[in-house]
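Chain by chain, the residues:
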Amino acid sequence: MAKRKEEKLFDYSLMFIVLFLISFGLVMIYSVSSYEASFKYGDATYFLRSQLFATILGLALMIAVANIPYHFWHRFATAAFIISHIMILLVLSPLGIERNNARRWINVFGTSLQPAEVAKLGMILFLASFICHIGTGKIRTGKGFLTVLAVPIPICLMIWQITTNLSSAIIIFGIALLMLFVASPEYKRFIILGAIGVALVAIIVFTIISLSHSDSLGFRSERVLAWLDPEAYASDKGFQTLQALYAIGSGGILGKGLGQSMQKLGFLPEAQNDMIFSIICEELGLFGAIAIILMFLLLIWRFMYVASNAKDLFGALLVVGVMGHIAIQVILNIAVVTNTIPNTGISLPFISYGGSSAMFLLIEIGLVLNVAKGSNTYRE
């Protein structure tokens, strides 16, 4: 009989998908932002150069992380979680940076860094370590389940209240919920949680509708009203949503062609950030939009494959956390752009403009690649 040979894997399929999304993102950022960059900064490549720098740094960090055994991060998981809290608090310090009436960044060596992105990675590391520490047996008990469920709540509240970034708080809680589901697949508990969540959302929406004529509504409540009737708020909260829908509708099946968008010419605010998917629809049409969605589905499939073949629970949970981060963010971004949910300001992973997001997403990909290398296959 031939001897079975153990081989270390490198997931080339995962790497190809990530590189494709990054490259496509850089092309779209230049296409979408060149007009605004020329108008504001006198340099059509301003946003592209900034994103390219963050991407190159992220790729270097990804390669480094991919070559460090993932168990190495087990001992630093708690420190990463604590640092995440500290960095969010630093937003309130003189290091905090305010942009577009939002204070969500800190100054680190002359560059801006978004602590919410650090918190997502910190949550993945800490929760994977914490679940492995207490064991899946205890998590299946009511007390253990509620303990793990309570872990992300403090940092979610901090992000929501300090940085007014509700979308990142939702994503972090979603990451924790998915990791908890994998560690303790008690369907009944999650069905109950889902029902409670839907009921709370319905109550909040109906309350906002009933108070729609009140002058005391906050900007988030106004966003909900604009979501329900964007035409009624066309000059304010509904403007961005309507322009995004115009872009999607005008793209048709095959689009107007790369670089031929009209909405990016000062009509659609933050087109290179949260609303880049609408410009993809306008320039590349339904065909291009579906192609990008399929690439993300392939990416999720690779995550599931790596997680199911991981050597241990810690590795599997790391991959599930990264999968949850990217999947939730993609779903929410497309839902916002298509007005399926209220506008919450969520970027499209690997494609939207944002240095902090690109860098930390690539670090997370490095973790997944290392877990994939740690899994074993055998050939006859």
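Criteria and thresholds
Residues numbered from 1 in each chain as written. Predicted model: local features only at pLDDT ≥ 70, side-chain atom pairs only at ≥ 80, totals over all residues. Heavy atoms only, no water. Helix = DSSP H or I, 4+ residues; strand = E, 2+ residues; numbered from the N terminus. Buried < 20%, exposed > 50% of the residue type's maximum accessible area, 1.4 Å probe, protein only. Contact = heavy atoms within 4.5 Å. Areas by Shrake-Rupley, 256 points an atom, 1.4 Å probe, with all protein chains shown as cover. 1 Å grid on protein atoms, 1.4 Å probe; cavity = no way out; pocket = protein on both sides within 12 Å on 5 of 7 lines; lining within 4 Å. Points joined across faces, edges and corners; volume = space filled by probe spheres on them. Nonpolar A, V, L, I, M, F, W, Y, C, P; charged D, E, K, R; others polar. Pairing = 2+ DSSP bridges. Axes fitted to C-alpha atoms, helices over the stretch in contact; angles between N-to-C directions. Salt bridge = Lys/Arg side-chain N within 4 Å of Asp/Glu carboxyl O.

> Help me out: how do you make sense of the overall build of the protein in this one?
Looking only at helices and strands, the protein has 14 helices and 5 strands in total. Along the longest, intermediate and shortest principal axes, the C-alpha atoms of the protein span 70 × 45 × 45 Å. Scored against the burial criterion, the 380 residues of the protein give a buried share of 48%. If you take every contact in the protein between residues at least 6 apart in sequence, the share linking residues at least 24 apart comes to 71%. Of the roughly 18,300 Å² of accessible surface on the protein, 68% is carried by carbon and sulfur atoms.

> Could you clarify how one ought to interpret the layout of surface pockets in this entry?
One simple way to see leftover space: roll a probe sized like a water molecule over the atoms. When its volume is computed, the second largest pocket comes out at roughly 1,600 Å³. Taken together, 40 residues form the lining of the second largest pocket, with Leu 166, Ile 170, Gly 197, Val 201 and Ile 204 sitting closest to its centre. Elements with a contribution of two residues or more to the lining of the second largest pocket: α7 (153–162), α8 (166–183), α9 (187–210), α10 (219–228) and α13 (313–337). Sorting elements by how many residues they give to the lining of the second largest pocket places α9 first, with 11 residues. Considering only residue class, the lining of the second largest pocket consists of 28 nonpolar, 9 polar and 3 charged.

> Any chance you could explain the sheet that holds strand β2 (residues 96–99) here in plain terms?
Sheet strands line up and pair through hydrogen bonds in the backbone, either parallel or antiparallel. The strand order β2-β3-β4 describes an open sheet built from 3 strands, whose pairing is antiparallel. If you trace the sheet from one side to the other, it starts and ends with β2 and β4 (111–113), each paired once. Strand-to-strand twist in this sheet, taken as the mean axis angle between neighbours without regard to direction, amounts to 50 degrees. Across 4 bridges, β2 lies against strand β3 (residues 102–108) in antiparallel orientation. Paired with Glu 98 across the bridge in β3 is Arg 103.

> Please clarify how the pattern of salt bridges should be interpreted in this entry.
Within this structure, the stated rule accounts for 6 salt bridges. For the salt bridge of Asp 11 with Arg 302, the shortest nitrogen-to-oxygen distance reads 2.8 Å. Here Asp 11 is found in the loop between β1 (5–8) and α1 (12–41), whereas its partner Arg 302 is found in helix α12 (residues 276–308), with 291 residues between them in sequence. By relative accessible area, which is 6% here, Asp 11 ends up buried. The partner of Glu 283 in a salt bridge is Lys 264, with the nearest N and O atoms 3.2 Å apart. One end of the pair, Glu 283, is in helix α12; the other, Lys 264, is in the loop between α11 (239–251) and α12, with 19 residues separating them in the sequence.

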